[in-house]
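So you can see what is in the structure, the chains are spelled out below.
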Amino acid sequence: MAPEITRRSAIAAGAASALFLPHLPAAARTTTGLQDLEQRALAMDPPVFLLETAVPPQLSGAGLSLSGEVAVCGTRSLRWEHGSRDVITVSAPLRWRPDPYRLGDDQAWQGLVDAFCVWIHNTEPADDVVRFEFGRGTRTDVWFEFRLGFTGWRTAWLRHAYDMRGRPHPDMDTLRIIAPRRSGVLHLDQLMPNVPLRPDAPCRDHQLPEIAPEGDEYDNQHWQALYRFDQLLKTNKPDMSPPSAAETADLHALRARYLDEYLIAPVTVDVPGLTAQAAALLGRPVHAYQAQIYPAEIAAELRAFVNPATLRAVTDLLRAVALAHHASPPDRPALAALYVRLLRHLREQGWTRGSCQGTIHHLGYDVRGYYDSAYLMRDALRDAGMLEEIRADLDWLTGLGRMFRGFGFRMARGSMMDLYNTTVRGMLATILLRDGDTEQVAYLRVLRDWLSATLLPTDGIQDGIKVDGTAFHHVGFFPDYVRDGFAGLAPIVYLLHGGGFRLSAQAYGWLKKALLAQRVYAGRTQWPISCSGRNPSGLTALSVVPFQWLAQVDDEIGAAFLRLLPAVPTPQQRAIAERLAARGVKPEAAPTGAWALNYAALAVHRREDWQVTVRGHNRYLWSTEIYVGANWYGRYNTYGQIQVVNKGTNLDSGYAHNGYDWNRRPGTTTIHKSWDDLKGDLTGAIEEMLLTDARFAGAHSIDERNGMFAMDLREHPKYEGSHRARKSVFLFDDRIVAIGTGIGNDETRDETETTLLQTTRTAGALLMDGAEVPWGHDARDLSPRWLLDDKGIGYYLAPGQRVALTRTTQASRHNATEAPTSGDFSTAWIRHGTAPRGARYEYAMIVNATAARMAAFAAEMADPGRAPYTVHRADEGAHIVTDRASGITGYALFGRLTDGDGLVRAVDTPSMLLTRQEADGLMLAVCDPDLRLYGGIDPDQYERGRYVGHYSPWSRRWLDDPSRPHLLRVTLSGRWRASGGQPCRVRPAGARTVVEFETVHGRPLQARLERA
């Protein structure tokens, strides 16, 4: 009997099938190996029919034979020469079993369900169906019908319990395939009566229009709802009023820009080389995610046996052929013929209008080359009589009808960054392939309005741009996807600019804000590690591409582009830079100031060429994304991580992937785990994006120059749910003060730590109280006054703390492959012991410090009259710190403040305050970082009053709810008044003053008050 398919192994096999595979050698598909594979597939329980060497004994019926005419799995398929309503009977136990999934239920549920799969080839389209019946002997339990209005290959993926009519039974042992009314020939291949499948994989299409209706509402609806979009395109027509003269001129200018500035690229024309590439792809099946259905036991061998060409490889080749065709008129006949052959093969394999190929997940990434090639080849397609059908295919593949759906459903904004990156270019291409100026103008108007609507800020945690300039993908802040989205969108925005098809001013303004925000939360170009999503290489960064395109029409973006220019610009970048210089645009200065980006729970603090970031998470914003094969050890990424980038890149500033101790991220308070214990547990899932039950985590700023961060850290109960800490970080010019209180958990085996530093070894020295720390140092019970690392970051340690410091070669694991890695690091941490109760820490950091500066700083801290900062309070209720040089006092209030004894006497809301007294007044800045997307608790995440969390944020009922305004009251000592235009209301309360602010979106508000 075949080994059991576990949920995890099957998911892993499906995930692996999504990877691009090389063209495997023929030796991997020898006759002996094939027979062995086919026999083992037949011996599985239930069996898998590869239909390659013999008609299996489990199949009976008239007109069955194996044929080499067509095949999608190997070189042969089952030829069925059928009469009207002939029947193939497949006798084998299906082993169907019920599962916890419910149709339309929580999308985050990533278990597997039992599903059916088959490939069908048809040569004559017909208004008829093939019927599939599953049951016990002659009794039918469930059934479905597969429509035959197509030619070529099509795929059927159906979940027995959710996509078929009737009710499945565990004892089902018979499959009947009933021919259409007409007589004829069909070919079947890769027949799988029952295999485990992710429930969100199947997509409805023209062959199976009634299956998987919930796919129209999921975040992946931008791929999966092609059938819905196709129906909308049929039933909705744009305003076909004749274009004005201005619109006609704008259209002609757009087409010229599209061709000359976007599509055309320099190429070396190599017709024999392109022909050879085509020969290697033609004749092979074309797959994207179609291997996801393969059973885990034989998945790798089956992929080798099928040996498909990837959809990406074929469409990239289409683009290469199209570019060569445009560049070399003498070679156009040969290249046009080659392009048409590739397209006909692609369509024969089912990549055409009306087909979803079982699943159409991530389609846009695989067909961008197709979109870009079609307009270049429009004349060749017209000559071949294929222009109309290819335009229809592109309408389908781009989901052009999505423009008519609107945004009145829960996942309407889902995965917009994917669309910007991959699909909007295709929507423009298929519009420009339409007949005549009138039709093109009509659809361009719709595209303009739809695209403008997509760029308006979105509520809740749904994808899109947020009011603070951050942008979401995967229902969270994910800069890598935003970068790619804007890189795909910016050229389209440029092409549409300057006329009647340009984005609305409001939409463009939000795009610009989000794009410019990227160059704030990036260092020079690289993201902080805490913002790296599931890609903690330290190398991921913003792209200059969107700046490059929009610099041509926007001088402010142009100034940013000039600063971000790579050391070796491309010829196009140099040309744009020269044009900007000619019109007087100069490179911007590096952003300087403080930013509170609370849709990311992120503080950004910058001066000249250095940056400090601090990041947390809360009950709305996930902590990190752990994925199958990515970021396995990322649990602690947003536990208050403090990163200083003062040397240009993450690597130069001390971060390196190899050898990195994922437990010890600077600034975080964590339980130090073994690698096996730290690794994310994805049993029954492909990803993890955990929330906490704490509302309080975020950033604040005053004067847009200095700021702070605070977090009520509570670990998710999936791991160590008892782990708690109250954390704050105050950011005053080049001085950083970090405080932690209330640190505790029930972990008696592993120590709890707050990491000071973990930095790669360089030639410079690391000093402790002025003495150089040698390489090989490993001491676990120190009490230094100060440290200075080899990147110029100084650390002052308040007295009474146990500190460990090592300078060694560290052993670690690769975040994705789990392979051993090693690297040389200096690492220091504050030890809180096992199962701490009420532990605390206090330290300060100085950016670009010297030994003399650190010695002086430590000496001054010993004298209250000269101390650079003063901690007024540090307990579980509040952290209050004053910075001497700036005169700013910061308040991290983890609960209501009722017993203040200085200027601030009471605050009715957990919040952050920053104050600065002036000779004639007071600057008061407040921030409630609670986004207030819902009130009370989310009952779906609690059991008997205890927080248990959930799979991920995808299923949250409040996902698209707006941030709710809140009235925050601060009571001050003395009598104060606010001059006109201040964002507050002031009322006296005896010898005190109550200042009221209406907060929303976690935005800081600042008011200037005067003595009354």
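The text that follows walks through the structure, step by step, so that each part is easy to find. (Residues numbered from 1 in each chain as written. Predicted model: local features only at pLDDT ≥ 70, side-chain atom pairs only at ≥ 80, totals over all residues. Heavy atoms only, no water.)

## Overview of the overall build of the protein
Here is step 1: The number of helices and strands found in the protein is 23 helices and 48 strands.
Here is step 2: The C-alpha atoms of the protein give a radius of gyration of 31 Å, which matches the 31 Å a tight globule of 1012 residues would have.
Here is step 3: Overall, the protein is about 100 × 70 × 60 Å in size when its C-alpha atoms are taken along their principal axes.
Here is step 4: When contacts within the protein are restricted to residue pairs at least 6 apart in sequence, long-range pairs at least 24 apart make up 73% of them.
Here is step 5: Put simply, the protein shows about 35,200 Å² of open surface, and 50% of that area lies on carbon and sulfur atoms.
Here is step 6: Here the protein contributes 113 positive and 116 negative side-chain charges, whose respective centroids are spaced 3 Å apart. (Helix = DSSP H or I, 4+ residues; strand = E, 2+ residues; numbered from the N terminus. Rg over C-alpha atoms; globule rule 2.2 N^0.38 Å. Contact = heavy atoms within 4.5 Å. Areas by Shrake-Rupley, 256 points an atom, 1.4 Å probe, with all protein chains shown as cover. Lys, Arg positive; Asp, Glu negative; His and termini not counted. Charge placed at Lys NZ, Arg CZ, Asp CG, Glu CD.)

## Some thoughts on the pairing of strand β6 (residues 129-136)
Here is step 1: The buried fraction of β6 is high, at seven of eight residues.
Here is step 2: By the bridge criterion, eight bridges tie β6 to strand β7 (residues 139-147) in an arrangement that is antiparallel. In the strand pairing of β7, G135 is matched with T140.
Here is step 3: Two successive antiparallel strands, β6 and β7, enclose a turn made up of two residues, where G137 displays a positive phi of approximately 60°.
Here is step 4: When β6 meets strand β10 (residues 174-178), the two strands line up antiparallel, connected through five bridges. If you follow F134 over to β10, its bridge partner there is L175. (Buried < 20%, exposed > 50% of the residue type's maximum accessible area, 1.4 Å probe, protein only. Pairing = 2+ DSSP bridges.)

## Focus: the packing of aromatic side chains
Ring pairs (aromatic) are described by centroid distance and by the angle formed between their planes.
Here is step 1: Inspection of the entire model under this criterion finds 33 aromatic pairs.
Here is step 2: Centroid distance Y101 to Y162: 5.1 Å. Interplanar angle 90°. Geometry classified as edge-to-face. One end of the pair, Y101, is in the loop between β4 (87-91) and β5 (113-122); the other, Y162, is in helix α3 (residues 160-163), with 61 residues separating them in the sequence. Like Y162, Y101 is buried.
Here is step 3: Taken together, a centroid distance of 5.8 Å and an interplanar angle of 55° make the contact between F116 and F144 tilted. Placement of the pair is F116 in strand β5 and F144 in strand β7, with a sequence separation of 28 residues.
Here is step 4: Judged by its relative accessible area of 4%, F144 is buried.
Here is step 5: Each residue in the set Y258, Y262, Y375, Y494 and W549 is aromatic and connected to the rest through ring pairs, giving one cluster.
Here is step 6: Above the face of the Y627 ring, R534 is positioned so that its terminal group lies 4.2 Å from the ring centre.
Here is step 7: Between the NZ or CZ atom of R635 and the centre of the ring of Y719, over which it lies, the distance is 3.8 Å. (Phe/Tyr/Trp six-rings, centres within 6.5 Å; stacked < 30°, edge-to-face > 60°. Lys NZ or Arg CZ within 6 Å of the ring centre and 35° of its normal.)

## Concerning empty space enclosed by the protein
Here is step 1: Enumeration over the complete set of coordinates arrives at eight cavities of 30 Å³ or more.
Here is step 2: If you add up the space inside the largest cavity, you get close to 220 Å³.
Here is step 3: In terms of lining, the largest cavity is formed by 20 residues, of which the most central are Q643, V644, S653, P666 and Q758.
Here is step 4: Among the elements that line the lining of the largest cavity, the one with the most residues is strand β20 (residues 641-645), at four residues. (1 Å grid on protein atoms, 1.4 Å probe; cavity = no way out; pocket = protein on both sides within 12 Å on 5 of 7 lines; lining within 4 Å. Points joined across faces, edges and corners; volume = space filled by probe spheres on them.)

## Let's talk about the sheet that holds strand β25 (residues 724-732)
Here is step 1: Taking strand neighbours across the sheet as the criterion, the nine strands line up as β23-β24-β25-β26-β35-β32-β31-β28-β29 in an open arrangement whose pairing is antiparallel. Each edge of the open sheet is held by one strand with a lone partner, namely β23 (697-702) and β29 (771-772).
Here is step 2: Where β23 meets strand β24 (residues 706-714), six bridges bridge the pair, whose relative direction is antiparallel. The residue bridging G698 from the neighbouring strand is A710, located in β24.
Here is step 3: Against the sheet, helix α23 (residues 851-861) contacts β26 (735-744), β28 (767-768), β31 (786-788), β32 (794-797) and β35 (839-846), and its axis sits at roughly 165° relative to β31. (Axes fitted to C-alpha atoms, helices over the stretch in contact; angles between N-to-C directions.)

## Here we look at the sheet that holds strand β46 (residues 985-989)
Here is step 1: The four strands are arranged β39-β44-β47-β46 in an open sheet whose pairing can be described as antiparallel. The open sheet is flanked by β39 (904-907) and β46, the only strands paired with a single partner. Neighbour to neighbour, the strand axes of the sheet diverge by 25° on average, direction disregarded.

## What to know about the pairing of β10
Here is step 1: Counting buried positions along β10 yields five of five residues, so the element is predominantly enclosed.
Here is step 2: In β10, alternate side chains face the same way, and those of T174, R176 and I178 on one face and L175 and I177 on the other are all buried.

## What about unusual backbone geometry?
Here is step 1: The peptide bond linking D45 to P46 adopts the cis configuration, its omega dihedral lying at 5°.
Here is step 2: Relative to the assigned elements, P46 resides in the loop between α2 (31-43) and β1 (59-60).
Here is step 3: Positive phi is not limited to glycine here, since V475 has a value of about 45°.
Here is step 4: Looking at the secondary structure, you find V475 in the loop between β15 (471-472) and α17 (479-496).
Here is step 5: A relative accessible area of 1% places V475 in the buried class.

## Things to note about the layout of surface pockets
Here is step 1: Taken as a whole, the second largest pocket spans an internal volume of roughly 660 Å³.
Here is step 2: Around the second largest pocket, the lining comprises 30 residues; the ones closest to its centre are Y262, A265, R319, R425 and W549.
Here is step 3: Here the element with the most residues in the lining of the second largest pocket is helix α9 (residues 311-327); it accounts for five residues.
Here is step 4: Taken together, the residues of the lining of the second largest pocket break down into 15 nonpolar, five polar and ten charged. (Nonpolar A, V, L, I, M, F, W, Y, C, P; charged D, E, K, R; others polar.)

## Here we look at the side chain of E688
Here is step 1: Structurally, E688 can be placed in strand β22 (residues 687-688).
Here is step 2: At a separation of 2.5 Å, a polar atom in the side chain of E688 contacts the side chain of K718.
Here is step 3: For E688, the side chain forms a polar contact with the side chain of Y719, separated by 2.7 Å.
Here is step 4: For E688, the contacting residues outside a window of four places in its chain are T624, E625, I626, D681, L682, K718 and Y719. (Polar contact = N/O pair within 3.5 Å; in protein donor to acceptor, adjacent residues only side chain to side chain.)

## A word on the nonpolar core
Here is step 1: Counting residues in each nonpolar core, the largest one holds 151 residues, and the members touching the most others are Y339, Y370, L444 and F561.
Here is step 2: Those residues in contact with L444, other than ones at most four positions away along the chain, are L251, L254, L428, I431, L432, L496 and F501.
Here is step 3: In this structure, I642, F709, L731 and L787 belong to the second largest nonpolar core, which totals 53 residues. (Core = buried A, V, L, I, M, F, W, Y, C linked by side-chain atoms within 4.5 Å.)

## Some words on the environment of G838
Here is step 1: Structurally, G838 is set in the loop between β34 (820-833) and β35.
Here is step 2: C-alpha separation for the pair G838 and D734, spaced 104 residues apart in sequence, amounts to 30 Å.
Here is step 3: Leave out the neighbours within four places in its chain, and G838 touches G742 and I743.

## Some details on the environment of G401
Here is step 1: Here G401 shows up in the loop between α14 (387-398) and α15 (416-432).
Here is step 2: A residue is classified by how much of its surface remains accessible, and G401, at 0% relative accessible area, is buried.
Here is step 3: Once you skip the residues sitting within four places of it in the chain, G401 turns out to touch F229, L232 and L233.

## Some remarks on helix α18 (residues 505-521)
Here is step 1: If you check α18, its first and last C-alpha atoms are 25 Å apart, about what 17 residues at 1.5 Å a residue would give, namely 24 Å.
Here is step 2: Most of α18 is tucked away: twelve of the 17 residues are buried.
Here is step 3: Among the residues of α18, those classed as buried are A507, Y508, L511, K512, A514, L515, L516, A517, Q518, R519, V520 and Y521. (Expected span 1.5 Å × (residues − 1).)

## Describing the state of the cysteines
Here is step 1: Applying the stated criterion across every chain yields a total of zero disulfides.
Here is step 2: Left without a disulfide partner, C117 is nearest to the cysteine sulfur of C73, which lies 9.5 Å away.
Here is step 3: For C117, a relative accessible area of 0% corresponds to the buried category. (Disulfide = S-S within 2.5 Å.)

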